[in-house]
Amino acid sequence: MEKVKIALLGLGNVGSGVWKIFNTNKNEVSRRSGCEVEIAKVLVRDKFKQRKVDVPPDMLTTNPDDIFKDESIKIVAELIGGIDPAKEYILRAMRSKKHVVTANKMLLATSGEELFKTAEEEDVYFYYEASVGGGIPIIREINESLTANKIMEIVGILNGTTNYILSKMSKEHMDFKAALDEAKEKGYAEADPTSDIEGYDPVYKLAIIASLSFGAKITVDDIYREGITKITPLDIKYACKFGYTIKLLSIGKVCPDGIELRVHPTMIPKAHPLSNVNDSFNAIYINGNAVGELMLYGKGAGDLPTGSAVVSDIISILRNNGSQYICTSLKNHMPHKKIKPLKENISQYYIRLSVIDMPGVLGEISTILGRNNVSILTVTQDVKSKHDVSLIFITHEAKEGDMQKSIDNIKKLTCINKVESIIRIENFNE
Ligand code: NAP
Ligand code: HSE
């Protein structure tokens, strides 16, 4: 059996998962790849750090030359994250004629073109299944299994950390910080969790899968972004009362007037399958014009699920069965397509206001909404005191631009203490 040496760049959450899989599933890896795979070197920042896995000390290095200058190493898995030095290391690996596997969605979504161009020039494989959906094989699904389709819509829960936080807040009434701390401890969160909680991470992921699905060059700037930091236990309580669950959804839709792209907290009906995707699980709903609707579900973060995707990519390279399929899909000659402006999006809205209890308040607010073509479906009032009354409106479908104009005017009313929250509602044409 052919012996192949590989190297890992990084031995954090994902790197440790990859190490464990190579050790526990050694026979499966050999049988499926036809090769005896040896992890020859592991690049880290600190050789003396306490690790979750027992890696022989002489295998660890802090010197990247030990990997890039070693011609016997054929494949490099980049599991450092971020841009610097991950990008430089990937480019160096490719220029040293090594195939590369990465889990780095931030880098792919922001510098993908340059990386794919270099992979092509150097004639090396560049695979990235772990970059979206952790253990869910979404990239292969889009690039191989669904190629007969025009994909019209993708709606996903693409971030494990925020889904974990929202699930814990909803089901166990845990507070935001405690839930985030647990997600960090379990290895779901990014090194800087701002990327998760402010929605940057799912934006990177949506940019990757929307580009592949819609055959268009989609950049992070094309995607509207809102994170979950403004979601309060009170909003979760009201969502539940009205029959909804709050999820951080990533939405891509091909519409007659352009591609709709947005990541934001969304109220979805409790009965919808995405509503029951909890903890670190991710799910991606896809609508193709031939296959119809399908949904992929699995663990979207964590050492072993993500490691599963990384190791599968390595096996694919060793089998040499991937051709440049995956590489070609994100190349720079993808056309730009029209992106639908957010203000044209149509949605229902949940609006929570804190107001002063005085005659005419409801009338003033509903007049503003009506004048801007926003029709009210329900109003709920909760009186805390004469000076602090919660008014919760659920609207019929309205244009985002009309809603924004309404809110700008509502903020100017003297009876308004604060616009506490505005959350979009997706009813999925129910
Ligand atoms: P992590 O736990 O922070 O691990 C990063 C590793 O990279 C550490 O071992 C660190 O070394 C090493 N490293 C950092 N800077 C370095 C440098 N300048 N030179 C050499 N080594 C360096 O990160 P992670 O959670 O494993 O994530 C890695 C990548 O996978 C990221 O791109 C992330 O977005 C992606 N990803 C993560 C998950 C997940 O569930 N965590 C899921 C999918 C994708 P030390 O250990 O010595 O500090
Ligand atoms: N931080 C990411 C998440 C890791 O929570 O989903 C998986 O990409």
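What counts as what
- Residues numbered from 1 in each chain as written.
- Chains lettered and ligands numbered in written order.
- Predicted model: local features only at pLDDT ≥ 70, side-chain atom pairs only at ≥ 80, totals over all residues.
- Heavy atoms only, no water.
- Core = buried A, V, L, I, M, F, W, Y, C linked by side-chain atoms within 4.5 Å.
- Buried < 20%, exposed > 50% of the residue type's maximum accessible area, 1.4 Å probe, protein only.
- Helix = DSSP H or I, 4+ residues; strand = E, 2+ residues; numbered from the N terminus.
- Near = heavy atom within 4 Å.
- Polar contact = N/O pair within 3.5 Å; in protein donor to acceptor, adjacent residues only side chain to side chain.
- Areas by Shrake-Rupley, 256 points an atom, 1.4 Å probe, with all protein chains shown as cover.
- Nonpolar A, V, L, I, M, F, W, Y, C, P; charged D, E, K, R; others polar.
- 1 Å grid on protein atoms, 1.4 Å probe; cavity = no way out; pocket = protein on both sides within 12 Å on 5 of 7 lines; lining within 4 Å.
- Points joined across faces, edges and corners; volume = space filled by probe spheres on them.
- Salt bridge = Lys/Arg side-chain N within 4 Å of Asp/Glu carboxyl O.
- Contact = heavy atoms within 4.5 Å.
- Pairing = 2+ DSSP bridges.
- Arc of directions from axis to C-beta.
- Axes fitted to C-alpha atoms, helices over the stretch in contact; angles between N-to-C directions.
- Parallel < 35°, antiparallel > 145°, perpendicular 65-115°, else oblique.
- Left-handed = near helix turned anticlockwise from the far one by under 90°.

Chemist: Could you give an account of the nonpolar core, with specific residues and numbers?
Modeler: In terms of nonpolar packing, the biggest core is built from 73 residues, with F126, I138 and I218 touching the most fellow members. The dominant element in this core, judged by the number of residues it contributes, is helix α10 (residues 200-214), at nine residues. Core analysis: the next-biggest nonpolar cluster, separate from the first, contains 33 residues, I6, C35, V44 and I75 among them.

Chemist: Account for the site of ligand 2, with residues named and values stated.
Modeler: What surrounds ligand 2 is the set K105, N159, G160, T161, Y188, A189, E190, D196, D201, K205, G300 and A301. Between ligand 2 and E190, the relevant distance is 2.7 Å, taken from a nitrogen atom to a side-chain nitrogen or oxygen of the residue. Out of a free accessible area of 250 Å², ligand 2 has 94% covered by protein chains. Those elements that provide at least two residues to the shell around ligand 2 are α7 (160-171) and α10. The class makeup of the residues in the shell around ligand 2 is three nonpolar, four polar and five charged.

Chemist: Can you break down the layout of surface pockets residue by residue, with the values?
Modeler: Space inside the second largest pocket adds up to approximately 490 Å³. Y224, E226, K230, S421 and I422 are the residues nearest the centre of the second largest pocket, which is lined by 22 residues in total. At the level of elements, β8 (224-225), α15 (400-411) and β17 (416-425) are the ones that each hand at least two residues to the lining of the second largest pocket. Each residue belonging to the lining of the second largest pocket can be placed in one class, and the counts come to nine nonpolar, four polar and nine charged.

Chemist: How would you sum up the pattern of salt bridges? Please name residues and give values.
Modeler: Proximity of charged atoms lets side chains of opposite charge pair with each other. In total, this model carries 28 salt bridges according to the counting rule given. In this structure, the salt-bridge partner of E426 is K253, at a minimum N-O distance of 3.9 Å. Separated by 173 residues along the polypeptide, E426 in the segment after β17 and K253 in strand β9 (residues 244-255) bring together distant segments of the chain. By relative accessible area, which is 10% here, E426 ends up buried. Assessed through its relative accessible area of 19%, K253 is described here as buried. Each of K253, D257, E260, R262, K340 and E426 takes part in one network of salt bridges that share partners.

Chemist: I'd love a proper account of the site of ligand 1, names of residues and values included.
Modeler: Lining the immediate surroundings of ligand 1 are 25 residues, of which L11, K49, R51, E190 and G302 lie closest. Between ligand 1 and G12, the relevant distance is 3.0 Å, taken from an oxygen atom to a main-chain nitrogen or oxygen of the residue. Residue K105 places a side-chain N or O atom 3.0 Å away from an oxygen atom belonging to ligand 1. The protein chains hide 89% of the 910 Å² of surface that ligand 1 would expose on its own. Across the shell around ligand 1, the residue classes break down as eleven nonpolar, eight polar and six charged.

Chemist: Can you tell me about the side chain of N282, naming the residues and giving the values?
Modeler: Topologically, N282 is positioned in strand β11 (residues 281-288). Other than its neighbours up to four places away in sequence, N282 contacts G133, I136, I157, L158, N159, G160, V277, L296, Y297, G298 and G300.

Chemist: Residue-level account of the sheet that holds strand β5 (residues 99-102), with values.
Modeler: Pairing within the open sheet is parallel, and its six strands lie in the order β3-β2-β1-β4-β5-β6. This sheet does not close on itself; its edge strands, each paired only once, are β3 (60-61) and β6 (126-127).

Chemist: I'd love a proper account of helix α2 (residues 26-33), names of residues and values included.
Modeler: Listed as buried for α2 are V29, S30 and S33. The arc that holds the buried residues of α2, viewed along the axis, is 95°, so those residues lie on one side. Of the residues in α2, the exposed ones pointing more than 90 degrees away from the buried face are N27 and R31. On its buried side, α2 packs onto α1 (13-24), β2 (35-43) and α12 (303-319).

Chemist: Talk me through the packing of helix α4 (residues 86-95) against helix α5 (residues 105-122); I want residue IDs and the actual numbers.
Modeler: A pair of packed helices is captured by two measures, namely the crossing angle of their axes and the spacing between those axes. Where α4 meets α5, the closest approach of the two axes is 9 Å, and the angle between their N-to-C directions is 10°. Considering the angle they form, α4 stands roughly parallel to α5. Relative to α5, α4 is oriented so that their crossing is right-handed. For the pair formed by α4 and α5, the contact residues are A86, K87, I90, L91, M94 and R95 on the first element and L107, S111, E114, L115, T118, A119 and E122 on the second. Residue composition of the contact of α4 with α5, by class: seven nonpolar, two polar and four charged.

So, to be careful, I would describe these as geometric facts and stop short of saying anything about function.
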